[in-house]
Every structure is written in C-alpha cells, then in structure tokens.
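What the coordinates show
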Amino acid sequence: MEENYKIYNDDCFKIMQQLIDDGVTVNAIICDPPYVINYADWDKEFNMPLVIKLCYQLLKENGNLILFQGWSNVAKTISLLDENFQIQNWIAWDRIKGRGANKNFVSTREDILWYCKGNNPTYTKIYSNIPKKTGGLGKKNGQENRALTNVWYDISPIVPWSSERNGHPTQKPLQLMERCVTIWTNKGDTILDFTMGSGTTGEAALKLGRKFIGIEQESGLKLPKIDWQVIPFVRD
C-alpha cells in the first residue's frame, strides 16, 4: 500500500473480501468488533466465524491478530481462533469504570486476545505506567516502572469529561491503542481495523509511523481530529 492509510465507509465483510481479491495483505489486525450484547443496533449480531476466516487470508505469515472481546463472548471467539491461529496470550484490561448491574457484578473487564498466524510474532517489550515500589534490586535494570503483565489496569477508559472523547459509545483511549500498536507492530507495518468505530487505532498507527486500513459501516463516522479522506459507502 503506497498511501499511509485508506478508510472505507462500507461493510467490513465486503471490503475485506475485496482486499483479498486485490492481493492485499497486512502485518497486523487490531480490532474491537461487536460483542453482540445488544448495546446498540450494530451490536445485535456479527458473523465472527466469517470475519476470522477473512482475517486469516489477509494476514501475512506470522502476522498478529489482536481482538478486543467481552466476557460473555470471549470463550466462543477463542474456540474459533484456535482452529487456525496460535494463541500467544490473553490480556485483561481493567477499565476501572464499569457498567452497573443490579443482579451481577459490575463489568470493568475487557479481554484482549493475542493470536498469531504462525509461531514467530512481532513483539516489543515495554513497561507499564506503574512505578516500582522497591528500590535497590528492584531498579537494577534501569527501569523506574514495573514490567507490563497480562493484566492492564494502568490506562483509564474514556469518560464523559475526557478531552479526546468524540461521542462514540465504545471509544478506546489513544494511550491504549498506542500500546497495542507499539507492542505488536513495527514502524512501516500496515494495520487493519475492520470495525474502526471512533478511529483511535488508525490515529495511533499514523502517529507511530505505521500504515492503516480502516473499515466502518456506520454513517457519520466520529473520527479523531485528522484530515481523513474517506472512501464512501457504495451499495451494489
């Protein structure tokens, strides 16, 4: 891909198949697809088996597939991914602020599944935002902060008073997506987000020197303050 990015305001299944037919491949897919919990009209159904099949065809060998999931659907998604991808880790992001519930626990957890199309994934070690509590031996590696584990509670979610909030109901913080891009891709790589929503993955990708392909079916895209050129929705 010669351009730094392409944005399609169209159906992800249609565009992903079109990209495959055009011979396009990507280094990584980082995406927050619908959890199918009836949160909104676009969250009532989603063909996860089909999209995983398309992801496999679009990813380069040893490419990373990073999928955000909710507790209620993560087990089903794992069973689908295990058929063709290699699991690398399963991260829990504790948003701290959760959805209230009278007959269940408050939900503050989002799962981040790390799979690879192969056995040699891109991985860059970084450190958390949490300062070490011990001196001496605890800082012998020269790092002031704790190592990053597979439980992330050092990044706050988007709240109504967040300066970066653009109104999308499931918007992820830029710091979170920058972490994902940094860990699982290299500079110059192409990243696909097939349900890009608020566009934060694309913002992080471009900011960190990656290329980006974004797909979003909903009209009236609520994108970050970047001069995006969007390829419009076209019905057959």
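Above this text is the structure in question.
Just so we're clear, the structure is a prediction, and the values are computed from it rather than from any experiment. Along each chain, the written sequence defines residue order, and numbers are assigned to residues from 1. Note on the predicted model: pLDDT of at least 70 is required for a residue's local features to be given, and 80 or more for side-chain atom pairs to be given and counted; whole-chain, interface and lining totals, by contrast, use all residues. Just so you know, side-chain values use all the structure's heavy atoms and leave hydrogens and water out.

Side note on the overall build of the protein chain
The numbering of helices and of strands both runs from the N terminus, where a helix is a DSSP run of H or I of at least 4 residues and a strand a run of E of at least 2. Helix and strand content of the protein chain: 5 helices and 11 strands. Only protein chains enter the calculation, and the probe is 1.4 Å; a residue is then buried if its accessible area is under 20% of its type maximum, exposed if over 50%, and partly exposed in between. Scored against the burial criterion, the 236 residues of the protein chain give a buried share of 46%. When contacts within the protein chain are restricted to residue pairs at least 6 apart in sequence, long-range pairs at least 24 apart make up 69% of them. Contacts are residue-level and defined by heavy atoms, with any inter-residue pair within 4.5 Å sufficient.

As for a nonpolar patch on the surface
Patch membership is restricted to residues that have no salt bridge and whose relative accessible area is over 30%. Joining uses 9 Å for like charges and 5 Å for the nonpolar side chains Val, Leu, Ile, Met, Phe, Trp and Tyr. Using the Shrake-Rupley algorithm and a 1.4 Å probe, accessible areas are obtained, with residue cover drawn only from the displayed protein chains. Definition used for salt bridges: Asp or Glu carboxyl oxygen within 4 Å of a side-chain nitrogen of Lys or Arg. On the surface, a cluster of nonpolar side chains totalling about 290 Å² of accessible area is made up of Ile 96, Val 151 and Tyr 153. Note on placement: Val 151 falls in strand 8 (residues 151-152).

Remarks on the nonpolar core
Grouped together as the largest cluster of nonpolar side chains are 30 residues, with contacts concentrated most on Met 16, Ile 29, Leu 65 and Phe 194. Only helix 1 (12-21), strand 2 (26-31), helix 2 (48-58), strand 3 (59-69), helix 3 (74-81), strand 5 (107-116) and strand 10 (211-215) provide two or more residues apiece to this core. Not counting residues within four places of it along the chain, the set of residues in contact with Met 16 comprises Val 51, Leu 54, Cys 55, Leu 58, Leu 192, Phe 194 and Ile 215. Take the buried residues of types Ala, Val, Leu, Ile, Met, Phe, Trp, Tyr and Cys, join any two whose side-chain atoms come within 4.5 Å, and each joined set is a nonpolar core. Counting residues in hydrophobic clusters, the runner-up holds 24 residues, among them Ile 91, Trp 114, Ile 183 and Trp 184.

Quick notes on the packing of aromatic side chains
Each pair of aromatic rings taken from Phe, Tyr and Trp, with Trp reduced to its six-membered ring, is defined by centres within 6.5 Å and is described as stacked if the planes are under 30 degrees apart, edge-to-face if over 60, and tilted in the remaining cases. Counted by the stated rule, this structure contains 6 aromatic pairs. For the ring pair Trp 114 and Tyr 123, a centre distance of 5.5 Å and an interplane angle of 20° mean the geometry is stacked. Note on Tyr 123: relative accessible area 46%, which makes it partly exposed. Measuring from ring centre to ring centre gives 6.2 Å for Trp 152 and Trp 184, while their planes differ by 25°; the resulting arrangement is stacked. Taken as a pair, Trp 152 in strand 8 and Trp 184 in helix 4 (residues 174-184) lie far apart in primary sequence, 32 residues in all.

Quick word on helix 4
Residues three or four positions apart in an α-helix share a direction because the helix packs 3.6 residues into each turn. Taken across its 11 residues, helix 4 has 9 buried, putting it largely inside the fold. Buried within helix 4 we find Leu 174, Leu 176, Met 177, Glu 178, Arg 179, Cys 180, Val 181, Ile 183 and Trp 184.

Looking at the pattern of salt bridges
Within this structure, the stated rule accounts for 7 salt bridges. Note that Asp 32 is salt-bridged to Lys 172, the shortest N-O span being 2.5 Å. On the criterion of sequence distance, the pair formed by Asp 32 in the loop between strand 2 and helix 2 and Lys 172 in the loop between strand 8 and helix 4 is long-range, its members being 140 residues apart. No difference in accessibility class separates Asp 32 from Lys 172, as the two residues are buried. Linking Lys 207 and Glu 178 is a salt bridge whose minimum nitrogen-to-oxygen distance equals 2.8 Å.

Quick notes on the packing of helix 4 against helix 5 (residues 200-207)
Throughout, an axis means a line fitted to C-alpha atoms (over the contacting stretch in the case of helices), and angles, computed between N-to-C directions, take values from 0 to 180 degrees. Following both chains from N to C, one finds helix 4 and helix 5 inclined at 55°, their axes separated by 8 Å at the closest point. Overall, the two elements helix 4 and helix 5 adopt an arrangement that is oblique. Remark: the crossing between helix 4 and helix 5 carries right-handed chirality. Mapping the contact onto sequence places Leu 174, Met 177, Glu 178 and Val 181 in helix 4 and Thr 200, Thr 201, Glu 203, Ala 204, Ala 205 and Lys 207 in helix 5. Throughout this entry, Asp, Glu, Lys and Arg are counted as charged residues, while Ala, Val, Leu, Ile, Met, Phe, Trp, Tyr, Cys and Pro are counted as nonpolar. The remaining residues, Gly among them, count as polar. Here the residues of the contact of helix 4 with helix 5 sort into 5 nonpolar, 2 polar and 3 charged. Roughly parallel refers to an angle under 35 degrees, roughly antiparallel to one over 145, roughly perpendicular to one between 65 and 115, and oblique to any angle outside these ranges. With the far helix as reference, a near helix turned anticlockwise by less than a right angle produces a left-handed crossing, and one turned clockwise produces a right-handed crossing.

Any functional reading would require information that these geometric values do not contain.
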